[in-house]
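Chains, contacts and geometry: an overview
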Amino acid sequence: MTDSSFPAEKGKRLFVCGATSAIALPVCRRLAADSASFFLVARNAQRLDRVAADLSTRGAARVETRCLDLTKTARHSDLVSEAFATFGEFDIAFLAHGILGDPSRVVEDPKEAEKVLQTNFTSAVSLLTLLANRFEKQRRGTIAVITSVAGDRGRKSNYVYGSAKAGLTVFLQGLRHRLHSAGVRVVAIKPGFILTPMTENLARKPLAVEPKQIAPDILRSFESGPEEVYTPWFWKPIMTAIRWIPEPLFKRLDL
Ligand SMILES: NC(=O)c1ccc[n+]([C@@H]2O[C@H](COP(=O)([O-])OP(=O)(O)OC[C@H]3O[C@@H](n4cnc5c(N)ncnc54)[C@H](OP(=O)(O)O)[C@@H]3O)[C@@H](O)[C@H]2O)c1
């Protein structure tokens, strides 16, 4: 994809978790074309190798990969140390890992609910705490994390996932407050419905768009503008309206 509105500097260094995410891919491709270097982390080795080869072909200056189940938080300290030892500093840390969970089990099975919280919230908090310490020292850069519009109001269809993303969004607000004086941007990216493997089994995907359609918003957010970004833009007024629906009415809606 091309996005001429994004004023990319050449050769950025990125630390990317959930690097095989369908949403992350067009973002990384765009930066690869500007000779970015990548430290990529995901679980599935084959998919990760394919993404690394793709980014190299598109112009990435350097691509390092590490396979890790990010719910193993005891491994995070070594992971972040290794990444910074390899690249020195990072311009952007981009966290894109996440799961929706099995919708039929997650409301009835505490283990499934815990997996959703660990993947979407606990693992991100652990990584962000380590990354924040590094970015605070380097006094520059952007920490960008994909949360979700699902965190704006709990709904019966996905409140476990939504509560993890809500917690993550509030964590990012506090982190932004902490890192402001160090000159570090902390961006919460809130997509609506995006057509990716994560949503392919959902029966309803209102106003769904392709990942490449939201990549320009994500790329811009790395550099400037609001640090809480709804994408596509129309999800901001939609979620404002949904938050305002009075509870007695909301309980009767099939959302
Ligand atoms: N699609 C949507 O409609 C939508 C809307 C709002 C927010 N989001 C958020 O956007 C982000 C990206 O999702 P996506 O739609 O691009 O889905 P996706 O293509 O399924 O990507 C999910 C990514 O998360 C990684 N991941 C999951 N569990 C992991 C774990 N335990 N350890 C390490 N990596 C793990 C996956 O790696 P492996 O492939 O190696 O397992 C994959 O790279 C997620 O945070 C999601 O919650 C998505």
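That block above? That's the structure.
In this text, all values refer to a predicted model and were calculated from it rather than measured experimentally.

**Quick notes on the overall build of the protein**
Helix and strand counts for the protein come out as 9 helices and 7 strands. In terms of overall dimensions, the protein is globule-like: its C-alpha atoms have a radius of gyration of 18 Å, near the 18 Å expected for 255 residues. Each of the 255 residues in the protein was classed as buried or not, and the buried ones make up 39%. Long-range pairs, those at least 24 residues apart, make up 69% of the contacts in the protein with a sequence separation of at least 6.

**Remarks on the packing of helix α5 (residues 110-138) against helix α6 (residues 159-179)**
Between α5 and α6, the shortest axis-to-axis distance is 9 Å and the interhelical angle comes to 10°. Here α5 is positioned roughly parallel relative to α6, judged by the angle of their axes. Side by side, α5 and α6 meet where A113, V116, L117, N120, F121, A124, V125, L128, A132, F135 and E136 of the first sit next to V160, Y161, A164, K165, G167, L168, F171, L175, R178 and L179 of the second. In terms of residue class, the contact of α5 with α6 is built from 16 nonpolar, 2 polar and 3 charged.

**Comments concerning the site of the ligand**
As a structural note, the neighbourhood of the ligand is formed by 26 residues, with S21, R43, N44, G98 and T196 the closest of them. Looking at side-chain class alone, the shell around the ligand contains 12 nonpolar, 11 polar and 3 charged residues.

**Some thoughts on unusual backbone geometry**
The phi angle of most residues is negative, glycine excepted, and most peptide bonds adopt the trans form. In this chain, T231 is followed by P232 through a cis amide linkage whose omega measures -10°. Following the sequence through the fold, P232 ends up in the loop between β7 (228-231) and α8 (235-244). Positive phi values are uncommon outside glycine, yet S35 reaches one of about 65°. In this fold, S35 is placed in the loop between α1 (24-32) and β2 (37-42). A positive phi is found at L207, a non-glycine position, where the angle reads about 60°.

**Quick word on the sheet that holds strand β5 (residues 142-146)**
The strands that make up a sheet pair up through hydrogen bonds in the backbone, lying either parallel or antiparallel. If you walk across this open sheet you meet the 7 strands as β3-β2-β1-β4-β5-β6-β7, and the pairing is parallel. Single-partner strands in this sheet number two, and they are β3 (62-67) and β7. Sheet twist, expressed as the mean angle between neighbouring strand axes with direction ignored, is 15°. Note: β5 against strand β6 (residues 185-191), 5 bridges, orientation parallel. Following the sheet pairing, V145 is matched in β6 by A188. Taken strand by strand, α6 contacts β5 and β6, and its axis lies near 160° from that of β6.

**A few points about the pairing of strand β4 (residues 92-95)**
Alternating positions in β4 separate into two faces, I92 and F94 on one and A93 and L95 on the other, with burial throughout. As judged from the 4 bridges shared by strand β1 (residues 13-17) and β4, these two strands associate in the parallel manner. The residue bridging L14 from the neighbouring strand is I92, located in β4.

**Examining the environment of R140**
Structurally, R140 can be placed in the loop between α5 and β5. The exposure class assigned to R140 is exposed, which follows from the 12 C-beta atoms found within 10 Å.

**Focus on the nonpolar core**
With 67 residues, the main nonpolar core has V16, F38, L40 and V145 as its most contacted residues. Apart from the residues within four sequence positions on either side, V145 is in contact with L95, A124, L168, L172, A188 and I189.

**Section: the pairing of β7**
Sheet analysis places β6 next to β7, joined by 4 bridges and oriented parallel. Directly across from I189, in β7, lies its bridge partner V229. Once you follow β6 into helix α7 (residues 211-223) and on to β7, the crossover reads as left-handed.

**Concerning the environment of G88**
Mapped onto the fold, G88 is located in the loop between α3 (76-87) and β4. Given 9 C-beta atoms within 10 Å, G88 falls into the exposed group. Placed 35 residues apart in sequence, G88 and A53 show a C-alpha to C-alpha distance of 23 Å.

**Thoughts on helix α2 (residues 45-57)**
Structurally, the α-helix is built with 3.6 residues per turn, so residues lying three or four positions apart point the same way. Here α2 is 13 residues long and its end C-alpha atoms lie 18 Å apart, about the 18 Å a rise of 1.5 Å per residue gives. Burial in α2 covers these residues: L48, V51, A52 and L55. Relative to the axis of α2, the buried residues are bounded by an arc of 100° and lie together on one face. Exposed residues lying more than 90 degrees from the buried face of α2 are Q46, R50, A53 and T57.

Parameters at a glance
- Residues numbered from 1 in each chain as written.
- Predicted model: local features only at pLDDT ≥ 70, side-chain atom pairs only at ≥ 80, totals over all residues.
- Helix = DSSP H or I, 4+ residues; strand = E, 2+ residues; numbered from the N terminus.
- Rg over C-alpha atoms; globule rule 2.2 N^0.38 Å.
- Buried ≥ 20, exposed ≤ 12 C-beta atoms within 10 Å, placed from the backbone.
- Contact = placed C-beta atoms within 7 Å.
- Axes fitted to C-alpha atoms, helices over the stretch in contact; angles between N-to-C directions.
- Parallel < 35°, antiparallel > 145°, perpendicular 65-115°, else oblique.
- Nonpolar A, V, L, I, M, F, W, Y, C, P; charged D, E, K, R; others polar.
- Near = placed C-beta within 6 Å.
- Pairing = 2+ DSSP bridges.
- Core = buried A, V, L, I, M, F, W, Y, C linked by C-beta atoms within 7 Å.
- Right-handed = clockwise from strand over helix to strand, strands pointing away.
- Expected span 1.5 Å × (residues − 1).
- Arc of directions from axis to C-beta.

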